[in-house]
Structure formats: C-alpha cells, structure tokens
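# Breakdown of the fold
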Amino acid sequence: MIHDECSADITDAKTIQNITAAHAAGLPAVFLHCAMHSFRTEGWNAGGVTPWFEMTGLQTSAHGAQLPIALNFFEQQNEITKGMANWTTVNEELYNNYAGGVLPTAKPLVLGKQGVDETVVVWTNLYKQKARVFSTTLGHNNTTVSDPRYLDLVTRGLLWACDKLNPDYLGKAFTGKNTVTFVKAKPEEEKPVSPAIT
C-alpha cells in the first residue's frame, strides 16, 4: 500500500488502528513525503512514539523552508540504494528527525542536507517484525516526483517492500492486463422517520 496522504488533523484512534492493523499483519507499505506528518496522535510533537511513527520508523514533527536538499546515498550496500549517486533536489522541504534519527527497527539509507541541517530522508523499517516499510520525506514538488532518479528510488523501495526487488520485476515493462475492482460502499441504514404531527 502506498501512503501519500496528508492527514495531520485525523486523530481518531480507531481510524488509525484500522490502517496500522493491515500492516501489522504483514501488508507492505511505502510512505511518501507528507504521509510522515499524518495521523498526529498524542505525543507526536513531544518525542513520543505514536502508532503512526512506529509504523513509518521515524519521528518527525516539522520541516524547513523549501530549498534544495543535497542527498547523500551513504548506504551503498543496501539493495535499494546500491549504485545510486548523490544528487541535489530542486526546492524541497527537509523534514526533521525529532529523536535524532530512525527508530531501532529502521535503517537509514539516504541523508539530506539543507544548509547546516542534515537528517535522514530515506529509510526502511520492519513493522511488527512482519511488514516491510520503505519511506522517504522527499517529494513535495512535482519536479522532484517526476525526476527519474526519484522515480527509480521509489520504484526500488516499493519492490523491496513487496520482496520483489529482483531481475524478474526490476527493469521490465509490465505486459499484463490491469484490472480495476470497485468495491461498493455499504449502504447506510435508513433512519426511521417520525410520523408527522398534525
């Protein structure tokens, strides 16, 4: 499942639990940009590890101004970033790492530097010892999202999360048939109408 939502104001615990439960059961996940700042429950800005942060693998509470970010692909042994070269984005938002880095279940892959600030901008996480999670805080602007280097990174991260980062899937055009399935919403129960008083 790809999370690219921006839902900071949704704090309902049941809603969040419905999302995290699917991943706790093993559903792979990819988190892009603003998804990191979604579902802000108690403690999100006080160093607490919220259910959402536990799933993403990194605590972040804010970002800086839109300026270019110098990317350092320091983890060259990881199958996602192996062979990728450092590059600098167009104007982007550098997200902070509230606790100074990723959670113990996560592995940083790429650092981003904007002026004197340097934070983790790409990482993986193993959520509940079941779900592979790939995340990046990059991707605020369409110029970044359409950059072939960004698309390659996200593609490799997605394939890794699905345990499909191998020659059978990487670099081959899809030749199958796409199927779209629509699931009808459960109809609302009709509410009884009070008889009119005359």
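Heads up: the structure comes first, above all this text.
Everything numeric in this text was worked out from a predicted model, so none of it was measured.

### Re the overall build of the protein
When you go through the protein residue by residue, the secondary structure sums to 4 helices and 7 strands. The helix and strand sequence of the protein, counted from the amino end, reads β-α-β-α-β-β-β-β-β-α-α. When each of the 198 residues of the protein is scored for burial, the buried share is 39%. Of the contacts formed within the protein by residues at least 6 apart in sequence, a portion of 64% connects residues at least 24 apart. Only carbon and sulfur atoms are counted for the fraction: they give 54% of the accessible area of the protein, which is about 11,700 Å². Taking the average place of the 16 positive charges on the side chains of the protein and the average place of its 19 negative ones, the gap between the two points comes to 8 Å.

### A look at unusual backbone geometry
A negative phi angle characterises most non-glycine residues, just as the trans form characterises most peptide bonds. Non-glycine residue His33 carries a positive phi angle of around 40°. Along the chain, the position of His33 falls in the loop between β2 (29-32) and α2 (51-56). Classification of His33 by relative accessible area gives buried; the value is 6%. If you check the backbone angles, Phe39 has positive phi at about 50° while not being a glycine.

### Section: the state of the cysteines
One pass over the structure, following the stated rule, counts 1 disulfide. A sulfur-sulfur distance of 2.2 Å marks the disulfide that ties Cys6 to Cys34. Within this pair, whereas Cys6 is found in the loop between β1 (2-3) and α1 (13-24), its partner Cys34 is found in the loop between β2 and α2, the two being separated by 28 residues in sequence.

### Examining the packing of aromatic side chains
The full count for this structure, using the stated rule, is 2 aromatic pairs. Seen from their ring centres, Phe31 and Trp52 are 5.4 Å apart, and the 90° between their planes marks the pair as edge-to-face. Pair noted here: Phe31 is in strand β2 and Trp52 is in helix α2, with a separation of 21 residues, a long-range link. For Phe31, a relative accessible area of 0% corresponds to the buried category. An aromatic cluster is defined as three or more aromatic residues linked by ring pairs; in this entry it consists of Phe31, Phe39 and Trp52.

### Comments concerning the pattern of salt bridges
If you walk through the whole model with that rule in mind, you get 3 salt bridges. Between Asp163 and Arg132 there is a salt bridge; the shortest N-O distance is 3.6 Å. Within this pair, whereas Asp163 is found in the segment after α4 (148-161), its partner Arg132 is found in strand β7 (residues 131-136), the two being separated by 31 residues in sequence.

### Overview of the pairing of strand β5 (residues 106-114)
Where strand β3 (residues 63-72) and β5 come together, 3 bridges link them in antiparallel fashion. Bridge assignment links Asn72 to a residue of β5, and that residue is Leu111. Sheet topology note: the β5/strand β6 (residues 117-127) ladder contains 8 bridges and is antiparallel. Residue pairing across strands places Ala106 opposite Asn125, the latter belonging to β6.

### Concerning the side chain of Thr60
In this structure, Thr60 sits in the loop between α2 and β3. Separated by 3.1 Å, the side chains of Thr60 and His37 make a polar contact. Polar side-chain contacts of Thr60 include one of 2.8 Å to the backbone oxygen of Asn96. With residues up to four places along the chain from it excluded, the contact list for Thr60 reads Met36, His37, Phe53, Tyr95, Asn96 and Tyr98.

### Side note on α1
In a regular helix each residue adds 1.5 Å, so 12 residues correspond to 16 Å; α1 covers 15 Å between its end C-alpha atoms and thus fits that length. When α1 is considered as a whole, its buried residues turn out to be Ile16, Ile19, Thr20 and His23. Taken around the axis of α1, the buried residues stretch over an arc of 90°, which confines them to a single face. The elements touched by buried residues of α1 are β1, β2, α2, β6 and β7.

### Focus: the environment of Tyr150
Relative to the helices and strands, Tyr150 is located in helix α4. The buried category is assigned to Tyr150, whose relative accessible area is 4%. As for Tyr150 and Thr136, which are separated by 14 residues in sequence, their C-alpha atoms are 10.0 Å apart. Apart from residues no more than four positions distant in its own chain, Tyr150 is found in contact with Leu32, Trp87, Thr136, Leu138, Gly139, Thr144 and Val145.

What counts as what
- Residues numbered from 1 in each chain as written.
- Predicted model: local features only at pLDDT ≥ 70, side-chain atom pairs only at ≥ 80, totals over all residues.
- Heavy atoms only, no water.
- Helix = DSSP H or I, 4+ residues; strand = E, 2+ residues; numbered from the N terminus.
- Buried < 20%, exposed > 50% of the residue type's maximum accessible area, 1.4 Å probe, protein only.
- Contact = heavy atoms within 4.5 Å.
- Areas by Shrake-Rupley, 256 points an atom, 1.4 Å probe, with all protein chains shown as cover.
- Lys, Arg positive; Asp, Glu negative; His and termini not counted.
- Charge placed at Lys NZ, Arg CZ, Asp CG, Glu CD.
- Disulfide = S-S within 2.5 Å.
- Phe/Tyr/Trp six-rings, centres within 6.5 Å; stacked < 30°, edge-to-face > 60°.
- Salt bridge = Lys/Arg side-chain N within 4 Å of Asp/Glu carboxyl O.
- Pairing = 2+ DSSP bridges.
- Polar contact = N/O pair within 3.5 Å; in protein donor to acceptor, adjacent residues only side chain to side chain.
- Expected span 1.5 Å × (residues − 1).
- Arc of directions from axis to C-beta.

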